[in-house]
Amino acid sequence: MILNSRYPKLNSKLYHQQQPSSLHGAKAGHFNAALANTLQWSEAEKDNWVALCSGQQTLNDFEPLAMVYAGHQFGQWAGQLGDGRGLLIAQVQNQHGQIIDLHLKGAGKTPYSRMGDGRAVLRSVIREYLAGHALNALGIASSNAIGFTSSSQKVQRERAEFGAMLLRTADSHIRLGHFEWINQYAPEQLADFTQKCIEWHFPECLTEEQPILAFAQQVITRTAIMIANWQLVGFAHGVMNTDNLNITGSTLDFGPFGFMERFRPNWINNHSDAQGRYSYQNQPSIGHWNLWMWLNNLMPLAKAEEKEQFKQDLASALEQYEPTFLAHYQQGLNNKMGLPDTSESFDCAMQFLRILQSEQLDYTQSFLRLQQQDYQKLRDDCLNLHQFDQFLAQYHALRENQDLEQLQTTMQQHNPRYVLRNHMAQRAIEAAENDDFSEVDRLFQLLATPFSQHPLERAEDLAPLASDQAEIAVSCSS
Ligand code: AMP
Ligand code: MG
């Protein structure tokens, strides 16, 4: 590993340094060797992964730290939050020279734990491990994880569960909520902190006429694209509070997440979200709301005489959020449909989604059938045949005189065969709670190449649970 520690260079008000606290009976869960290789881990470091990933050992030359941040949770100002159960244990250089955070989740209480116990449970650690891996393989900017460990130590949630730790990787753990905390509690740090964010994550903005404005534009663009990508694969983050969105527009802190099965735009995966604030269809507008809250925190950076102009510039930057999102989403959906990128194609895609909604069809599987030109199977699952036939006629008309081979290739690259369905994760969790990690490993392999058929595939990987089976409850409790 090549350490490149920069976060500790920030003012010490912004973090608290401490050692992780390990769990009794720590044991290996799963290890992502390919990711460790991209981070230039030596063979000896790889052999030692359990010690690092269970908090039993830390790296020389980096004193682990909990970051402080604040946030708006479910639309309300929540004041100071911070890493209540995770520590940054290193910043390392990957094979492209990019600096990546190693963050150990479940590493014990910190000054920011509030009422929490500082722990993570095996169930949520496996879900995050597999989902981060799945999102990365789908080409969606996201945190990932080097590995996880389990333990024999009980942690109380709705039931007693096993404590576990996840060694998460991310290009940044700087959240929108970092700016909210600084403005509220240490405003004198804002200028320096913003400058560091730009230098570290958006150096190309430094040469712009207005670096801070350019930085804001970048954060807006990346967030819009990330959320468009979520929508396209049917991913619901579950808890899009401002403390769970980072400034690089890469997916972070997705505890009560889900990949949508039957297509329901108002689908709420997180059972703790009674109002559906973070339902699938609300994600794009919540992204906008979060950015709007965040941009307010940049205002103190303008000189008094430039404040009005700066405010207008930021507002104009935010106006680009919706068109950026829509352009990306439209193009992505047209790619999934195997149609040329036009607004007529997008209308046809919307017609397809209306069918999925009214017939309650599986999102991932239906696109796969379309790609396989298995129109009969799709039609057989419909009650309203007239609606389907009308769609199919329009679909064929739009594909007439197109380069079908090219469109098929595009479809193949944009329609995953595998997403992490809740019931798949659940089976892997139940086995792991009995010390059997083979199902985690099978899913890990499947999700590594989501666009092609894997020899380890089972029929249930491709379909939702039968509609008479109860859905798996996913809540904020993790
Ligand atoms: P989340 O929305 O799950 O990302 O968590 C919101 C805040 O609660 C963050 O500051 C977390 O660090 C903290 N938190 C969540 N679970 C725990 C826990 N079990 N112990 C301590 N802090 C926690
Ligand atoms: Mg969080």
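As the structure is a computational prediction, the values presented were derived from the model and not from experiment.

Analysis parameters
Numbering of residues begins from 1 in every chain and follows the order in which that chain's sequence is written. Labels follow written order: the first chain is A, the first ligand is 1, and so on. In view of the model being predicted, local features appear only for residues whose pLDDT reaches at least 70, and side-chain atom pairs are presented and counted only at 80 or more, with totals across whole chains, interfaces and linings using the full set of residues. The basis for the side-chain values is all heavy atoms of the structure; hydrogens and waters are excluded. Under the scheme used here, helices are H or I runs from DSSP no shorter than 4 residues and strands are E runs no shorter than 2 residues, and both carry numbers assigned from the N terminus. Only C-alpha atoms enter the radius of gyration, while the globule expectation follows 2.2 Å times N to the 0.38, with N the number of residues. Only protein chains enter the accessibility calculation, which uses a 1.4 Å probe; a residue whose area is less than 20% of its type maximum is buried, one above 50% is exposed, and one in between is partly exposed. For this analysis, residues touch if any pair of their heavy atoms sits within 4.5 Å. Charge counting follows a simple rule: Lys and Arg are positive, Asp and Glu are negative, and His as well as the terminal groups are ignored. Charge positions come from single atoms, namely NZ of Lys, CZ of Arg, CG of Asp or CD of Glu. What makes a residue near a molecule or strand is one non-hydrogen atom of that residue sitting within 4 Å of it. Any N or O atom pair separated by 3.5 Å or less is treated as a polar contact, with the protein-specific requirement of one donor-capable and one acceptor-capable atom, and with residues adjacent in sequence counted only for side-chain atom pairs. Shrake-Rupley sampling with a 1.4 Å probe provides the accessible areas, and residues are treated as covered by the protein chains on show and by no other component. Water is not part of the atom set, so a site may look incomplete; the donors themselves are N, O and S atoms within 2.8 Å of the metal, or 3.2 Å for Na, K and Ca. Here the aromatic set is Phe, Tyr and Trp, taking the six-membered ring for Trp, and pairing holds for ring centres within 6.5 Å; pairs whose planes are under 30 degrees apart are stacked, those over 60 apart are edge-to-face, and all others are tilted. Residue ranges for the domains trace back to a domain assignment, done automatically or taken from a database. Take the residue count of a helix, subtract one, and multiply by 1.5 Å to get its expected span. DSSP calls a pair of strands paired once it identifies at least 2 bridges connecting them. Note on definitions: salt bridges are taken to be side-chain nitrogens of Lys or Arg within 4 Å of carboxyl oxygens of Asp or Glu.

Here the focus is the overall build of the protein. Check the secondary structure of the protein and you find 17 helices and 13 strands. Radius of gyration (C-alpha) of the protein: 23 Å, near the 23 Å computed for a compact globule of 478 residues. Projected onto its principal axes, the C-alpha positions of the protein cover 65 × 65 × 40 Å. Relative to its 478 residues, the protein shows a buried fraction of 58%. Long-range pairs, those at least 24 residues apart, make up 70% of the contacts in the protein with a sequence separation of at least 6. Taking the average location of the 36 positive side-chain charges in the protein and that of its 52 negative ones, the two points are 6 Å from each other.

Looking at ligand 1, there are 17 residues lining it, with Gly82, Gly84, Arg114, Asp117 and Gly118 nearest. Separating a nitrogen atom of ligand 1 from a backbone N or O atom of arginine 119 is a distance of 3.3 Å. Aspartate 253 has a polar side-chain atom sitting 3.3 Å from an oxygen atom of ligand 1. In isolation ligand 1 has 480 Å² of accessible area, and contact with the protein removes 81% of it.

Now for the coordination of the magnesium ion (ligand 2). Each donor-metal-donor angle in an ideal tetrahedron of four donors is 109.5 degrees, and each such angle in an ideal octahedron of six donors is either 90 or 180 degrees. Looking at the magnesium ion (ligand 2), the protein donor atoms are Asn244 (OD1) and Asp253 (OD), and they sit 2.0 to 2.1 Å from it. Judged on exposure class, the residue asparagine 244 and its partner aspartate 253 are both buried.

Take the side chain of histidine 103 next. Take histidine 103: it is sitting in strand S7 (residues 99-105). According to the relative accessible area criterion, histidine 103 is buried, its value standing at 4%. Residues in contact with histidine 103, not counting those within four places in the same chain, are Asp83, Gly86, Leu87, Leu88, Ile89, Leu166, Leu167, Arg168 and His173.

One pass over the structure, following the stated rule, counts 30 aromatic pairs. Look at phenylalanine 325 and tyrosine 329: their rings are 5.7 Å apart centre to centre, the planes differ by 5°, and that puts the pair in the stacked class. Placement of both phenylalanine 325 and tyrosine 329 in helix H10 (residues 321-337) is noted, with a separation of 4 residues, approximately one turn of the helix. Across the pair, tyrosine 329 and phenylalanine 325 agree in class, each one buried.

Along the chain, the position of threonine 194 falls in helix H6 (residues 190-201). Its relative accessible area of 1% is what places threonine 194 among the buried residues. With residues near it in sequence (within four places) discarded, threonine 194 still touches Phe179, Ile212, Phe215 and Leu301.

One can read the domain layout of the protein as domain 1 (7-176) and domain 2 (328-414). If you average the C-alpha positions of domain 1 and of domain 2, the two centres end up 40 Å apart.

Over its 14 residues, helix H8 (residues 283-296) runs 20 Å from end to end, which matches the ideal 20 Å to within 8%, given 1.5 Å per residue. As for H8, its buried residues are in contact with strand S4 (70-73), helix H5 (176-185), helix H7 (211-233), strand S12 (235-236), helix H9 (307-319) and H10.

With 7 of 7 residues buried, strand S9 (residues 144-150) is to be regarded as a mostly interior element. Two elements, strand S2 (residues 27-31) and S9, share 4 bridges in a ladder whose sense is antiparallel. Pairing of lysine 27 across the sheet is with serine 150, part of S9.

This brings us to helix H11 (residues 343-359). Across its 17 residues, H11 extends 24 Å between first and last C-alpha, which sits within 8% of the 24 Å expected from 1.5 Å per residue. Those residues of H11 that fall on the buried side of the exposure criterion are Ser345, Phe346, Cys348, Ala349, Gln351, Phe352, Leu353, Ile355, Leu356 and Glu359. On its buried side, H11 packs onto H10, helix H12 (363-371), helix H13 (375-380) and helix H14 (385-399). Taken from the residues just after H11, glutamine 360 is the one with a positive phi, measuring 55°.

In a structure, side chains of opposite charge can pair up when their charged atoms sit close to one another. All chains considered together, the criterion is met by 25 salt bridges. In this structure, the salt-bridge partner of arginine 427 is glutamate 460, at a minimum N-O distance of 4.0 Å. Residue arginine 427 is located in helix H16 (residues 422-433), and its partner glutamate 460 is located in the segment after helix H17 (438-448); the two are separated by 33 residues in the primary sequence. Among the residues examined, arginine 427 registers a relative accessible area of 29% and is labelled partly exposed. In the salt-bridge network here, residues are joined through shared partners; they are Asp83, Lys105, Glu128, Arg168, Arg175 and Asp253.

Turning our eyes to something else, we now look at the pairing of strand S6 (residues 86-93). Residues in a regular strand project their side chains so that they alternate between the two faces of the sheet. Most of S6 is tucked away, with 7 of its 8 residues classed as buried. Inspection of the sheet shows S6 paired to S7 by 7 bridges, in the antiparallel sense. If you follow glutamine 91 over to S7, its bridge partner there is aspartate 101. Between the end of S6 and the start of S7, which pair antiparallel, lie 5 residues, with glycine 97 showing a positive phi angle near 85°.

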